[in-house]
Amino acid sequence: MSGAEIRHWHTSPKSKGGRGWKQVGYADIIHLNGGVENLVPYDEDQKVDPWEVTNGAAGYNSTSRHVVYVGGRNMAGECADTRTPEQRKALEKYVR
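As the structure is a prediction and not an experimental result, all values here were calculated from the model.

Draft legend 1. Representation of the overall build of the protein. Within the protein, the regular secondary structure consists of 2 helices and 3 strands. The secondary structure elements of the protein, listed N-terminal to C-terminal, are α-β-β-β-α. Projecting the C-alpha coordinates of the protein onto the three principal axes gives extents of approximately 35 × 35 × 20 Å. With 96 residues in all, the protein has 28% of them scored as buried. Long-range contacts, defined here as pairs at least 24 residues apart, represent 40% of the contacts in the protein between residues at least 6 apart. For the protein, the accessible surface area stands at approximately 6600 Å², while carbon and sulfur atoms represent 55% of it. For the protein, the distance from the average position of its 13 positive side-chain charges to the average position of its 12 negative side-chain charges is 5 Å.

What follows is the structure, given as structure tokens:
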């Protein structure tokens, strides 16, 4: 899944299959190869500026950065930890 697809899914009107949000829900996506795609620019200070707020989790949007990884479903379509070794390494680096 690409950032453009997620942006479309989150910000398109409900009548067009989206959620109708003002802003995408994630600041960054961690792809299968460990690459990090930025969706919402942000600075590295301790304050979440209004332009940095994403719609990731109600009640936490103005105090946290939301990141998502590609995957999360097994072959049966059930929720599962499907992170690749590259994603695990990228996520650890991201959090640190």
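Resuming the write-up.
Draft legend 2. View of the environment of glutamate 92. Note on placement: glutamate 92 falls in helix 2 (residues 85–95). In this structure glutamate 92 comes out as partly exposed when scored by relative accessible area, which is 45%. With 70 residues separating them along the chain, glutamate 92 and lysine 22 place their C-alpha atoms 29 Å apart.

Draft legend 3. Expanded view of the packing of aromatic side chains. Enumeration according to the criterion identifies 0 aromatic pairs in this entry. Geometry around tyrosine 42 places arginine 65 over its ring, the cationic atom sitting 3.5 Å from the centre. One cation-aromatic arrangement involves arginine 83 over tyrosine 69; the distance from NZ or CZ to the ring centre is 5.9 Å.

Draft legend 4. How the structure looks around helix 1 (residues 3–11). All buried positions along helix 1 are accounted for by Gly3, Ile6 and His10. Buried positions in helix 1, seen along its axis, are confined to an arc of 65° and lie on one side of it. Turning to helix 1, the residues buried within the fold contact strand 1 (28–30), strand 2 (36–38) and strand 3 (67–69).

Draft legend 5. Region of the structure containing the environment of threonine 11. Locating threonine 11 in the fold gives a position in helix 1. Note on threonine 11: relative accessible area 27%, which makes it partly exposed. Here the alpha-carbon distance between threonine 11 and glycine 25, two residues 14 residues apart in the chain, equals 8.9 Å. With residues up to four places along the chain from it excluded, the contact list for threonine 11 reads Gly20, Trp21, Lys22, Gln23 and Val24. In this structure the side chain of threonine 11 is engaged in a polar contact, spanning 2.6 Å, whose partner is the backbone oxygen of arginine 7.

How each quantity is defined
Here, residues in each chain are numbered from 1, in the same order as that chain's written sequence. Only residues with pLDDT of 70 or above have their local features reported here, since the model is predicted, and side-chain atom pairs are shown and tallied only from 80 upward, although totals for entire chains, interfaces and linings are computed over all residues. Side-chain metrics rest on all non-hydrogen atoms present in the structure, leaving aside hydrogens and water. Numbering of helices and strands starts at the N terminus; helices are DSSP runs of H or I of at least 4 residues and strands are runs of E of at least 2. Classification of residues uses two cut-offs on accessible area relative to the type maximum, computed with a 1.4 Å probe and protein chains only: under 20% is buried, over 50% is exposed, and between them is partly exposed. Contacts: residue pairs with any heavy atoms within 4.5 Å of one another. Each accessible area is a Shrake-Rupley result for a 1.4 Å probe, and residues are judged covered by the shown protein chains and nothing else. Under this rule, positive means Lys or Arg and negative means Asp or Glu; His and the chain ends count for nothing. By convention, charge coordinates are those of NZ in Lys, CZ in Arg, CG in Asp, or CD in Glu. A pair of aromatic rings is counted whenever rings of Phe, Tyr or Trp (Trp by its six-membered ring) have centres within 6.5 Å, and the orientation is called stacked for planes under 30 degrees apart, edge-to-face for over 60 and tilted otherwise. Here, over-ring charges are defined by two tests on the NZ atom of lysine or the CZ atom of arginine: distance to the ring centre within 6 Å, and angle to the ring normal within 35 degrees. To obtain the arc, one takes the directions from the helix axis to the C-beta atoms. For the purposes of these results, a polar contact is taken to be a pair of N or O atoms within 3.5 Å, where, inside protein, one atom must be able to donate a hydrogen and its partner to accept one; residues adjacent in sequence count only when each atom of the pair is a side-chain atom.

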